[in-house]
Amino acid sequence: MLVYPSSIDLSSRTLRFLTGQLTARRQEIGTRWRRLSAARQALLALAHLRCGDTYAQLAAGFGIGIATVYRYIREAVDTLSTLAPSLAEAMRTIRTKAFVILDGTLLPINRIAADTPYYSGKHKRHGMNVQVLTDPFGRLLWASPALPGSTHDLTAARQHGIIEALADAGLKCWADKAYQGAGGSVRVPFRGRRLRQWRRRHNTTHAKIRCVGERAMATLKGWRLLRKLRCSTNRISNVVKAVLVLHHASA
């Protein structure tokens, strides 16, 4: 049996957290025997999510079948996704912040050109639209379920209820030009090329505040699986939720 390398850059806290969740899951369903222990299953799932290792690579590394790898990863992702906070639950923490930064990102997927709903004209590629809320320091607070890549950021934010939730909380929010017309407490830069000097200064200050939110995007893309998703589009929302839970567990 091959031993999977132990040099993977994985947080021990994250590994312990996932191991605990999988152990509880096995006790809940009354599992008597598995090919891998809960700790090894956790390492398997983290290697897939963090490093983007394929099922074939993981099957060879852990000495199990590809079908078993698929089942183990799916179980881990589904277990974690149930722990992800909804927007209403996340707002309890978000309300305590001075302001938040709202931004959208495209998670690339390997879809064919015929899949029009998943093609983003802005990014010129297929993907899934995910909305992200961060604190003033760029720390990831909440990530939305995934929508087809052709969805505009403002449409996605409204569909998830983000604009309404921020308005109800009276919380200031900084966002880019894609959210023009959001209204409420969402602040966006001025559009146009020939702007007055005070508007240019405003846009410069706005950009300095908003750019901090890119740290959250880097946090998401730090999980290599999210750099190019190969799973079903119906599963991507659960993967994003699982990554969010693991990120908060390791913080």
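Our structure's up above, just so we're on the same page.
What counts, and at which threshold
- Residues numbered from 1 in each chain as written.
- Predicted model: local features only at pLDDT ≥ 70, side-chain atom pairs only at ≥ 80, totals over all residues.
- Heavy atoms only, no water.
- Salt bridge = Lys/Arg side-chain N within 4 Å of Asp/Glu carboxyl O.
- Helix = DSSP H or I, 4+ residues; strand = E, 2+ residues; numbered from the N terminus.
- Buried < 20%, exposed > 50% of the residue type's maximum accessible area, 1.4 Å probe, protein only.
- Arc of directions from axis to C-beta.
- Contact = heavy atoms within 4.5 Å.
- Axes fitted to C-alpha atoms, helices over the stretch in contact; angles between N-to-C directions.
- Parallel < 35°, antiparallel > 145°, perpendicular 65-115°, else oblique.
- Left-handed = near helix turned anticlockwise from the far one by under 90°.
- Nonpolar A, V, L, I, M, F, W, Y, C, P; charged D, E, K, R; others polar.
- Phe/Tyr/Trp six-rings, centres within 6.5 Å; stacked < 30°, edge-to-face > 60°.
- Lys NZ or Arg CZ within 6 Å of the ring centre and 35° of its normal.
- Core = buried A, V, L, I, M, F, W, Y, C linked by side-chain atoms within 4.5 Å.

Examining the pattern of salt bridges
Part 1 of the reasoning: Scanning the model with the defined rule gives 5 salt bridges in all.
Part 2 of the reasoning: For the salt bridge of Arg235 with Asp78, the shortest nitrogen-to-oxygen distance reads 2.8 Å. With a gap of 157 residues between them, Arg235 in helix 10 (residues 233-250) and Asp78 in helix 4 (residues 66-81) connect regions that are remote in the sequence.
Part 3 of the reasoning: Exposure remark for Arg235: the relative accessible area of 16% places this residue in the buried category.
Part 4 of the reasoning: Judged by relative accessible area, which is 26%, Asp78 ranks as partly exposed.

What about helix 9 (residues 214-221)?
Part 1 of the reasoning: Of all the residues in helix 9, the buried ones are Ala216, Met217 and Leu220. Along helix 9, the residues classed as buried sweep out an arc of 100° about the axis, all on the same side.

Overview of helix 6 (residues 153-160)
Part 1 of the reasoning: Within helix 6, the full set of buried residues consists of Asp153, Leu154, Ala156, Ala157 and His160. The buried residues of helix 6 occupy an angular sector of 160° when the element is viewed end-on, so they sit on one face.
Part 2 of the reasoning: Structurally, helix 6 contributes buried residues whose contacts are with helix 5 (87-94), strand 1 (99-108), strand 3 (125-134), strand 4 (140-143), strand 5 (147-148) and helix 7 (162-169).
Part 3 of the reasoning: Once helix 6 ends, the next one or two residues include Gly161, with phi positive near 80°.

A closer look at the packing of helix 1 (residues 12-29) against helix 10
Part 1 of the reasoning: As a packed pair, helix 1 and helix 10 sit with axes 8 Å apart at the nearest point and diverge in direction by 120°. One way to sum up the angle between helix 1 and helix 10 is to call them oblique. In this structure, the crossing between helix 1 and helix 10 has a hand that is right-handed. Between helix 1, through Arg13, Thr14, Phe17 and Leu18, and helix 10, the contact on the second element is made entirely by Val245, Leu246, Ala249 and Ser250.
Part 2 of the reasoning: Grouping the constituent residues of the contact of helix 1 with helix 10 by class yields 5 nonpolar, 2 polar and 1 charged.

Considerations on the packing of aromatic side chains
Part 1 of the reasoning: Enumeration according to the criterion identifies 3 aromatic pairs in this entry.
Part 2 of the reasoning: Positioned above the aromatic ring of Trp223, the side-chain terminus of Arg50 is 3.9 Å from the ring centre.
Part 3 of the reasoning: Arg199 extends its terminal NZ or CZ atom over the ring of Phe190, reaching a point 4.4 Å from the ring centre.

Quick word on the nonpolar core
Part 1 of the reasoning: By size, the foremost hydrophobic cluster in this structure holds 69 residues, and its most contacted members are Leu102 and Tyr179.
Part 2 of the reasoning: Sequence-distant contacts of Tyr179, that is, excluding residues within four places in its chain, are made with Leu102, Asp103, Gly104, Gln131, Asp153, Leu154, Ala157, Val186 and Val188.

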